Amino acid sequence: MIANDLGGYLHWVQQTREEWHVEDHKELWFRAEDEVHYPTRLQPGLYRPRPGEKRKPTGELLELENHLYNEFDRCLPQLSDLSLRDDEWDPYFLMQHHGAPTRILDWSDSALIALHFAVRDKSTPVGSGSLIYVLDAWWLVDLLKKHPDRRDAKRRWAKYCRQHPCGMDEDDWDRLYLPEEEEDANEPLLATPSSPLLWDAPHVSRRVAAQRSRFLIFGVDPTWLADLGAKRGARISAIKIPADSIGGIKQELRDAGITESVVYPDLDGLGRELRQVWDSKR
């Protein structure tokens, strides 16, 4: 699917919904990526190596993520006055949202917000196009519920809770996806699952709310989603935005009210929006 303008893009979104028979009240999820990242498509930042380099072993990356998570959590109180509902999950989502590498893959349930991310950083002349991935999250939820890896994760967590009766709830098995503490790294029952976890998190900041953010937390398999998308019948597709169409789409989005200060509702967003105007007129 190729979209050369805003109308063509929305046409393909609607076409995809109809092809997958997704009911009108159920949101599709959207994610924008530069086409130069296609070799590492649909992978979170922690698992993406530098261009031309090999990915480090997963164990090393998980250890690094835990270090970054602990440092972010340590510094968070002095840098933010947000009221956090969960002192483990909320820092993890905020860490991702402010640019630190994690196993979280950001999505949005807004087709226009995703399109904005597909074109926002493209300078003139545009060197590469973008891809916007469309996901039927409802289909993926049903698939993961039946996945043997999910059943194994719940079984292991329940067994650990029985062995360590210190207030942990067997329903909190999803905490296996949090960065693992150093002392838990060698506990097989607490091993991070292989398959990902869909998470409809509370909006912990204005940015998360404005971007209509949704989250997919990866396990230890970096290519799990890309491999799934390559299978027949998978409800994951891509809409290509050619490089020579990006300038026109930027203007169409601006006319539709999708600008940097809307997506980033703070002074930084406003400043970047004004700089974009200046860049287009200087």
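Everything below is about the structure shown above.
Below is a short write-up of the structure. These numbers were taken from a predicted model, which means no experiment stands behind them.

As for the overall build of the protein chain
Along the protein chain, the regular secondary structure elements total 11 helices and six strands. A total of 282 residues make up the protein chain; the buried ones form 45% of that total. The contacts in the protein chain between residues at least 6 apart in sequence include a share of 71% that link residues at least 24 apart. Approximately 15,300 Å² of the protein chain is accessible, and the part contributed by carbon and sulfur atoms is 50%.

Details of the pairing of strand E2 (residues 104-108)
Most of E2 is tucked away, with four of its five residues classed as buried. Bridge analysis of E2 against strand E5 (residues 213-217) gives five bridges, and the strand direction is antiparallel. Opposite Asp106, over in E5, you have Phe215 as the bridge partner.

Description of the packing of helix H1 (residues 6-20) against helix H4 (residues 111-119)
The geometry of H1 relative to H4 is characterised by a closest axis approach of 11 Å and an angle of 130° between their N-to-C directions. Accordingly, the angle class assigned to the pair H1 and H4 is oblique. Handedness of the H1/H4 crossing: right-handed. Here Leu6, Tyr9, Leu10 and Val13 of H1 come into contact with H4, specifically with Ala111, Leu112, Ala114 and Leu115.

A few points about a negative patch on the surface
A cluster of acidic residues, Glu60, Glu63, Glu181, Glu182 and Glu183, forms a negative patch on the protein surface. For Glu181, the location among the structural elements is in the loop between helix H6 (148-163) and strand E4 (197-199).

Here's the deal with helix H2 (residues 58-79)
Compared with an ideal rise of 1.5 Å per residue, which puts 22 residues at 32 Å, H2 spans 30 Å between its outermost C-alpha atoms and is within 8% of the ideal. Every buried residue of H2 is listed here: Leu61, Leu62, Glu65, Asn66, Tyr69, Cys75 and Leu76. On its buried side, H2 packs onto helix H3 (89-97).

Analysis parameters
Just so you know, the residues in each chain are numbered from 1, in the order the chain's sequence is written. Where local features are concerned, this predicted model is filtered to residues with pLDDT of at least 70; where side-chain atom pairs are given and counted, the filter is 80 or more; whole-chain, interface and lining totals use all residues. No hydrogens and no water enter the side-chain calculation; it runs on all heavy atoms of the structure. The numbering of helices and of strands both runs from the N terminus, where a helix is a DSSP run of H or I of at least 4 residues and a strand a run of E of at least 2. Categorising residues by exposure relies on relative accessible area from a 1.4 Å probe, with only protein chains included: less than 20% of the type maximum marks a residue as buried, more than 50% marks it as exposed, and the intermediate range marks it as partly exposed. Only heavy atoms enter the contact rule, under which two residues are in contact if any of them lie within 4.5 Å. Note on areas: Shrake-Rupley with a 1.4 Å probe; residue coverage comes only from the protein chains shown. At least two bridges found by DSSP between two strands is the condition for calling them paired. Each axis is a line fitted through C-alpha atoms, taken for helices only over the stretch in contact, and angles between the N-to-C directions span 0 to 180 degrees. Every angle not falling under 35 degrees, over 145, or within 65 to 115 is termed oblique; those three ranges are roughly parallel, roughly antiparallel and roughly perpendicular. Note: crossing handedness is left-handed where the near helix turns anticlockwise from the far helix by less than a right angle, and right-handed where it turns clockwise. Residues forming no salt bridge and having over 30% relative accessible area are the ones grouped into patches, like charges within 9 Å of each other and nonpolar side chains (Val, Leu, Ile, Met, Phe, Trp, Tyr) within 5 Å. When a carboxyl oxygen of Asp or Glu lies within 4 Å of a side-chain nitrogen of Lys or Arg, that pair is called a salt bridge. In this tally Asp and Glu are treated as negative and Lys and Arg as positive; neither His nor the chain ends contributes. Charge coordinates come from a single atom per side chain, which is NZ of Lys, CZ of Arg, CG of Asp or CD of Glu. For a helix, the expected span equals 1.5 Å multiplied by the residue count minus one.

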